[in-house]
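Read off the chains here:
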Amino acid sequence: MHHQPDPVCGAAVAASLSLFRQHAPLVHCMTNDVVQTFTANVLLALGASPAMVIDAEEAAQFSAIADGLLINVGTLTRERASAMRAAIDAANKVNKPWTLDPVAVGGLTLRTAFCQGLLQLRPRAIRGNASEILALAQHAGQGRGVDSLHDSAAALAAAQQLARSSGAVVAVTGAVDYVTDGTRTLAVAGGSPLMTRVVGTGCALSAVVAGFAALPGDTLQHIASACRVISCAGERATASAQGPGSFIPAFLDALWLLDAEALR
Ligand SMILES: Nc1ncnc2c1ncn2[C@@H]1O[C@H](COP(=O)(O)OP(=O)(O)O)[C@@H](O)[C@H]1O
Ligand SMILES: Cc1ncsc1CCOP(=O)(O)O
Ligand SMILES: [Mg+2]
């Protein structure tokens, strides 16, 4: 079954962002080695508190305390996988939301089997690029690394199916981001291709999604708002950047400066 997406509304994005800054969520990030600092800086620029706790015992303690948990399998190892399971189990016990970023799921067996298994553990949100969402939804080996080979529109039906089967809100990103609970779908335009020329924009978005998923109210709207916050900051940063190097500080500044007027 296909459902037509509605465009995300700027006023609703501004309302989510304001709620996010008020709540300043504590986000427990179990993420990959490539994007640790960038992820923490993106959350800090938006007013949230990141903490990267990865030992199995500590992670299980901390996920019960944090407002939201991010599981990102970009540099998964067997040991990290069991620490992530422990953190998810502890979060679920106290009903704290957790978000999955299925980096490069498809062809690689450890992370693909691990993420397929996690779908039974009630993720609140899943954020990936088109190749990752297609692979996760269709149990098919696709992709050849962390970058998408597919257009996000080509993964919309898969995202809707994955949302229905997992119970998560699924965000499939690309030139347009689609955010769906399997019934309702919001489309988020904007951003810029330069965002794919620096590492970690997708991973940082997933960390931001983990924070927005912890807010009270309409989770689908909040996660679409998270996508719009990142795409809006991305297009503003691109306007002043010379290339990937100057994009990064401009992006952090744009997140810091983002307000209702920019989002309108
Ligand atoms: N061609 C594009 N045009 C505009 N924005 C894009 C484009 N590709 C990706 N983005 C944006 O870059 C961010 C990261 O998305 P994506 O590249 O799909 O994730 P990943 O880094 O996990 O592959 C998202 O905010 C997305 O909207
Ligand atoms: C390059 C790379 N290799 C393993 S994880 C990772 C980071 C991927 O980051 P993103 O999906 O945000 O581009
Ligand atoms: Mg990614």
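Quick note: structure is the one above.
The structure reproduced in this document is the subject of the present report. For every chain, the first residue of the written sequence is number 1, and numbering continues from 1 along that sequence. Labels are handed out in written order, letters beginning with A for the chains and numbers beginning with 1 for the ligands. The predicted nature of this model means local features are confined to residues of pLDDT at least 70 and side-chain atom pairs, given and counted, to a pLDDT of 80 or more, with totals for whole chains, interfaces and linings taken over all residues. For the side-chain quantities, the full set of heavy atoms in the structure was used; hydrogens and water were omitted.

**As for the nonpolar core**
The biggest cluster of nonpolar side chains holds 52 residues, and the ones touching the most others in it are V42, F251 and L255. In this view, L255 contacts R21, V42, A45, L46, V229, I230 and A233; residues no more than four positions away in its chain are not counted. Ranked by size, the runner-up nonpolar core spans 38 residues in total, among them M30, L156, V172 and A187. Nonpolar cores are built from buried Ala, Val, Leu, Ile, Met, Phe, Trp, Tyr and Cys residues. Side-chain atoms within 4.5 Å join them into one set. Remark: exposure states derive from per-residue accessible area (1.4 Å probe, protein chains only) relative to the maximum for the residue type, with buried under 20%, exposed over 50%, and partly exposed in between. Here, two residues are considered to be in contact whenever any of their heavy atoms come within 4.5 Å of each other.

**Some thoughts on the pattern of salt bridges**
Only one rule defines a salt bridge in this text: a Lys or Arg side-chain nitrogen within 4 Å of an Asp or Glu carboxyl oxygen. Tallied over the full model, the rule gives four salt bridges. D101 is the partner of R127 in a salt bridge, and the nearest nitrogen-oxygen pair spans 2.9 Å. With R127 in strand β6 (residues 125–129) and D101 in strand β5 (residues 98–101), the pair connects residues that are 26 residues apart, well separated along the chain. Across the pair R228 and E235 runs a salt bridge, and its minimum N-O distance is 3.2 Å. Its relative accessible area of 14% is what places R228 among the buried residues. A relative accessible area of 29% places E235 in the partly exposed class. Helix and strand definitions follow DSSP, with helices as H or I runs of at least four residues and strands as E runs of at least two, each counted in order from the N terminus.

**Structural notes on the site of ligand 1**
Being near a molecule or strand, for a residue, means having at least one of its heavy atoms within 4 Å of it. Neighbouring ligand 1 are 16 residues; R127, N129, T173, D177 and S192 lie closest to it. Note that an oxygen atom of ligand 1 is positioned 2.9 Å from one of the side-chain N or O atoms of N129. Here a polar contact means two N or O atoms within 3.5 Å. Within protein one must be a hydrogen donor candidate and the other an acceptor candidate, and residues neighboring in sequence count only if both atoms are side-chain atoms. T173 is positioned such that a nitrogen or oxygen atom in its side chain is 2.7 Å from an oxygen atom of ligand 1. Broken down by secondary-structure element, the contributors of at least two residues to the shell around ligand 1 are β6 and α8 (201–212). Each residue gets one of three labels, nonpolar for Ala, Val, Leu, Ile, Met, Phe, Trp, Tyr, Cys and Pro, charged for Asp, Glu, Lys and Arg, and polar for the others, Gly among them. Along the lines of polarity and charge, the residues of the shell around ligand 1 split into five nonpolar, nine polar and two charged.

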